[in-house]
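A closer look at the structure
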Amino acid sequence: MSVQPTAPPPGGRAAADAHDVIEVRGARENNLAGVDLDVPKRRLTVFTGVSGSGKSSLVFGTIAAESRRLINETYTAFVQGFMPPVGRPDVDALRNLSAAIVVDQERMGGNARSTVGTATDAHTMLRIIFSRIGRPHAGTSSAFSFNNAEGMCPACEGLGRASRVDIDQLVDRDLSLNEGAITVPGFAVGSWYWKVIAESGLVDPDAKVRDYTPAQWDDFLNKPATKIKSSGINTTYEGLLVKVRRLYLGKDKETLQPHIRTFVDRAVTFSACAACGGARLNPAALASRIAGRNIADCAAMQISDLAGFVREITDPSVAPVLATLQGTLDSLVEIGLGYLSLDRESTTLSGGEAQRVKMVRHLGSSLTDVTYVFDEPTAGLHPHDIARMNDLLLRLRDKGNTVLVVEHKPETIMIADHIVDLGPGAGASGGRVCYTGDLAGLRASGTLTGRHLDHRARLRDTVREPSGHLSIKGADLHNLKNVDAEIPLGVLTAVTGVAGSGKSSLIHGALPGRDGVVVVDQSPIRGSRRSNPATYTGLLDAIRTAFAKANGVKAALFSANSEGACPTCKGIGLVYTDLAMMAGVASVCEECEGRRYTAEVLTHTLRGKDISQVLAMSVAEAREFFTAGPPAPQARAVLDRLADVGLGYLTLGQPLTTLSGGERQRLKLAIHMAEKAAVYILDEPTTGLHLADVDQLLALLDRLVDAGNTVIVIEHHQAVMAHADWIIDLGPGAGSDGGEIVFTGTPADLVAGADTLTARHLRQYVGA
């Protein structure tokens with residue numbers, strides 16, 4: 001018996017077509033205050049609101065998290081065991097979800113073997129093409145892979161570079177071992193590592209190192225692992241260089257302790273492999289060519305140039321692969337990454353570049369009815385590039401997908417089909433839907449976002465006069481073309497230009513390391529999930545001391561990393577449970593109820609609050625709490641600086657691992673503001689800032705300059721450009737089309753007479 005499809009009711013539609021909104025009911029993740037919301041499907045929805053208003057909690061922590069969790073549950077328990085755990089969000093109901101693909105700004109993982117080419121599969125397609133039509137024939141596609149023994153350079157094992165250790169950074173040749181000749185961390189006189197060498201009998205511990213015979217010098221540095229007896233104990237002797245390579249150089253540098261990382265940076269230099277010249281491949285792979293180029297030449301080409309080269313290959317035997325590769329390369333160019341090369345290590349990409357590389361994977365996908373979730377896709381983009389990014393977001397929508405974007409830039413807000421504005425404030429003052437609807441309605445809504453949507457910073461009436469200049473001569477890093485620059489001192493300078501024009505190469509390549517120069521960037525803050533704003537700024541030390549004095553106990557009790565820590569969760573507040581084949585689960589510790597401390601510690605209070613309650617305060621709340629008594633002076637100084645950089649909504653105990661790139665940069669800035677700096681270098685400090693917060697940032701930059709400092713800002717935001725005293729504009733394009741200074745002068749001069757891409761957009765912004 002066959003079942004006939006049910007006809008839709010007269011004038012109505014089929015039930016299957018009724019699921020046209022994602023229904024969110026009672027969302028309480030983080031600071032969300034029981035949010036009820038309908039998000040239209042197959043539309044572009046932009047989520048706005050000040051930093052900390054709950055945008056990410058709603059989009060990433062609720063909608064995307066539940067979608068991914070439900071998809072994970074469709075796999076077998078065995079497969080789930082290999083997946084990262086995704087907790088159930090705190091929400092009453094979520095209906096009509098579709099599969100969510102998150103395209104965020106997390107820097108791409110991997111190592112030195114991961115490149116733009118391997119991350120996008122473009123290098124794989126290139127290998128297939130060379131294995132088919134490259135001459136002389138070198139073998140299958142694996143023969144062109146630097147990650148495969150068949151194709152890698154045997155000397156550098158496919159890394160393309162060799163490391164050289166500066167022996168003089170390991171040893172002071174004018175001293176003996178007993179006098180501390182070994183300067184490597186962990187090898188101090190009297191330490192176990194030192195004893196094994198000094199008491200080995202292979203060298204004289206009283207002799208100056210420079211007086212060793214060639215044989216002793218070789219044993220001291222290069223002797224392989226050998227069983228010896230030291231201090232009456234059987235042990236293994238290794239030459240100093242052998243041991244240092246094993247202990248420190250064979251590990252991921254990011255996992256090393258800070259002082260050891262500093263030693264490695266000082267002692268080790270990397271250079272191109274002499275055997276392959278940095279090409280990573282063996283001679284057979286490098287000998288095979290197409291139109292005079294080998295695969296390493298192609299991988300080193302700027303992607304926009306490589307796209308032109310591939311277009312000239314017409315061999316029908318590789319036509320399908322060529323078409324796919326051409327599409328990938330064209331997408332990379334279209335998305336504003338044409339200045340990259342396929343051999344660029346993926347770990348060196350910025351967060352914005354990484355997000356756009358990930359985006360390329362989805363543009364050619366045949367999937368539809370997918371929910372794409374983006375986190376500030378305009379980060380790191382010049383206004384010229386934002387228009388291209390907007391086109392890509394609209395293309396994804398027009399394929400029948402639901403596109404959810406967390407964004408602050410008005411250029412992207414203005415293309416939205418639907419807008420959800422959260423607030424009205426941050427932290428406990430946010431977490432509510434202030435407006436939902438179209439653009440015209442947002443403008444008339446009176447919300448903070450609506451009021452600032454058309455707000456424009458004005459050009460300065462008068463610019464500050466420089467007190468001198470910082471010179472850069474002959475800069476040629478990456479795509480820079482022997483650039484000379486004079487950066488004015490005592491003023492606010494904006495360094496502008498499209499992504500890939502050479503801004504970071506000019507500033508970060510020439511200025512860090514000079515006296516008085518402080519670099520404040522968006523790189524991750526090293527630390528574990530135990531680290532938080534209170535520990536990072538040193539505020540917790542003052543708070544612990546105040547608690548200890550008020551209660552007549554030891555300060556160590558008030559450290560969640562020491563005596564006062566809850567024994568069950570070890571002071572983390574969460575218990576991570578391994579469910580074997582199932583995904584692990586993080587649950588709130590039942591012993592301390594997430595408060596991280598023992599019950600005894602929580603009986604001690606400071607003006608009616610225990611330590612966990614203080615750490616749960618936002619910066620703004622803590623400023624009100626620490627108005628008098630200890631540790632008011634020290635605490636207020638730190639808290640005021642955190643508020644000044646726009647982080648008043650952060651809680652003192654929030655794990656640093658949860659902060660965005662912009663929040664990390666502003667936290668670092670708050671710390672450096674306490675130092676006697678002369679030159680501050682900021683890298684896109686407007687990242688993650690609401691339109692209303694940009695004015696606060698500009699006021700902060702003014703205060704830094706007026707206090708006698710020099711502020712250099714690498715920035716795309718037109719408000720910062722307009723507010724600057726001086727502009728250095730790089731271009732005219734990206735990659736090989738950039739690397740030159742195309743304008744230097746005041747913003748008013750740029751608007752009045754220049755014809756660069758930056759000038760055109762700034763002219764439009766200020767209405768000139």
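Scroll up for the structure.
Residues numbered from 1 in each chain as written. Predicted model: local features only at pLDDT ≥ 70, side-chain atom pairs only at ≥ 80, totals over all residues. Heavy atoms only, no water.

1. Some remarks on the packing of aromatic side chains
- Here the structure, examined in full by the defined rule, presents eight aromatic pairs.
- Between Trp 217 and Phe 220, the ring centres sit 6.0 Å apart and the planes meet at 50 degrees, which makes this aromatic pair tilted. You can see Trp 217 and its partner Phe 220 sitting in helix α6 (residues 214-222), three residues apart, about one turn around the helix.
- For the pair Phe 547 and Phe 558, a centre-to-centre distance of 5.2 Å together with 35 degrees between the ring planes defines the contact as tilted. Taken together, the residues span a long stretch of sequence, with Phe 547 in helix α20 (residues 539-551) and Phe 558 in the loop between α20 and β18 (574-577) at a distance of 11 residues. The same class applies to Phe 547 as to Phe 558, namely buried.
- Taken together, the aromatic side chains of Tyr 212, Trp 217 and Phe 220 make up a single cluster linked through ring pairs.
- Residue placement shows Arg 280 over the ring face of Phe 146; its charged tip is 4.6 Å from the ring centre. (Phe/Tyr/Trp six-rings, centres within 6.5 Å; stacked < 30°, edge-to-face > 60°. Helix = DSSP H or I, 4+ residues; strand = E, 2+ residues; numbered from the N terminus. Buried < 20%, exposed > 50% of the residue type's maximum accessible area, 1.4 Å probe, protein only. Lys NZ or Arg CZ within 6 Å of the ring centre and 35° of its normal.)

2. Observations concerning the layout of surface pockets
- Its volume calculated, the second largest pocket comes out at about 390 Å³.
- In terms of lining, the second largest pocket is formed by 24 residues, of which the most central are Pro 410, Glu 411, Arg 456, Gln 718 and Tyr 765.
- Mapped onto the lining of the second largest pocket, the elements with two or more residues apiece are α14 (383-398), α15 (410-413), α25 (691-706), α26 (718-723) and α28 (757-766).
- Take the lining of the second largest pocket: its biggest share by element is six residues, from α14.
- Partitioning the lining of the second largest pocket into residue classes produces 12 nonpolar, seven polar and five charged. (1 Å grid on protein atoms, 1.4 Å probe; cavity = no way out; pocket = protein on both sides within 12 Å on 5 of 7 lines; lining within 4 Å. Points joined across faces, edges and corners; volume = space filled by probe spheres on them. Nonpolar A, V, L, I, M, F, W, Y, C, P; charged D, E, K, R; others polar.)

3. Comments concerning the environment of Ala 548
- One can find Ala 548 in helix α20.
- A sequence separation of 57 residues divides Ala 548 from Thr 605, and the C-alpha atoms of the two residues are 9.5 Å apart.
- Apart from residues no more than four positions distant in its own chain, Ala 548 is found in contact with Val 553, Lys 554, Ala 555 and Phe 558. (Contact = heavy atoms within 4.5 Å.)

4. Topic: empty space enclosed by the protein
- Under the criterion given, the structure shown has three cavities of 30 Å³ or more.
- Volume-wise, the largest cavity comes out at about 100 Å³.
- Partitioning the lining of the largest cavity into residue classes produces three nonpolar, seven polar and four charged.
- For the second largest cavity, the calculated volume is near 40 Å³.

5. Here we look at the state of the cysteines
- In this structure the tally under the stated criterion is zero disulfides.
- Counting only cysteine sulfurs, Cys 273 is the nearest neighbor of Cys 276, a cysteine outside any disulfide, at a range of 3.8 Å.
- Cysteine Cys 589 is unpaired, with the sulfur of Cys 592 as its nearest cysteine sulfur at 3.7 Å. (Disulfide = S-S within 2.5 Å.)

6. Examining the environment of Ile 419
- Along the chain, the position of Ile 419 falls in strand β12 (residues 418-423).
- Residue Ile 419 is classed as buried on the basis of its relative accessible area of 0%.
- Placed 380 residues apart in sequence, Ile 419 and Val 39 show a C-alpha to C-alpha distance of 9.2 Å.
- What Ile 419 contacts, discounting residues up to four positions off in sequence, is Val 46, Thr 48, Ile 413, Tyr 435, Thr 436, Gly 437, Asp 438, Leu 439 and Leu 442.

7. Things to note about the sheet that holds strand β2 (residues 35-40)
- Reading across the sheet, the three strands line up as β2-β1-β4 and stay open at both edges, with antiparallel pairing between neighbours. Strands with a single pairing partner mark the edges of an open sheet, and in this sheet they are β2 and β4 (91-95). Between one strand axis and the next, the sheet turns through 5 degrees on average, direction left out of account.
- Where strand β1 (residues 21-27) lies against β2, five bridges are found, and the strand directions are antiparallel. (Pairing = 2+ DSSP bridges. Axes fitted to C-alpha atoms, helices over the stretch in contact; angles between N-to-C directions.)

Just distances and angles here, no functional claims.
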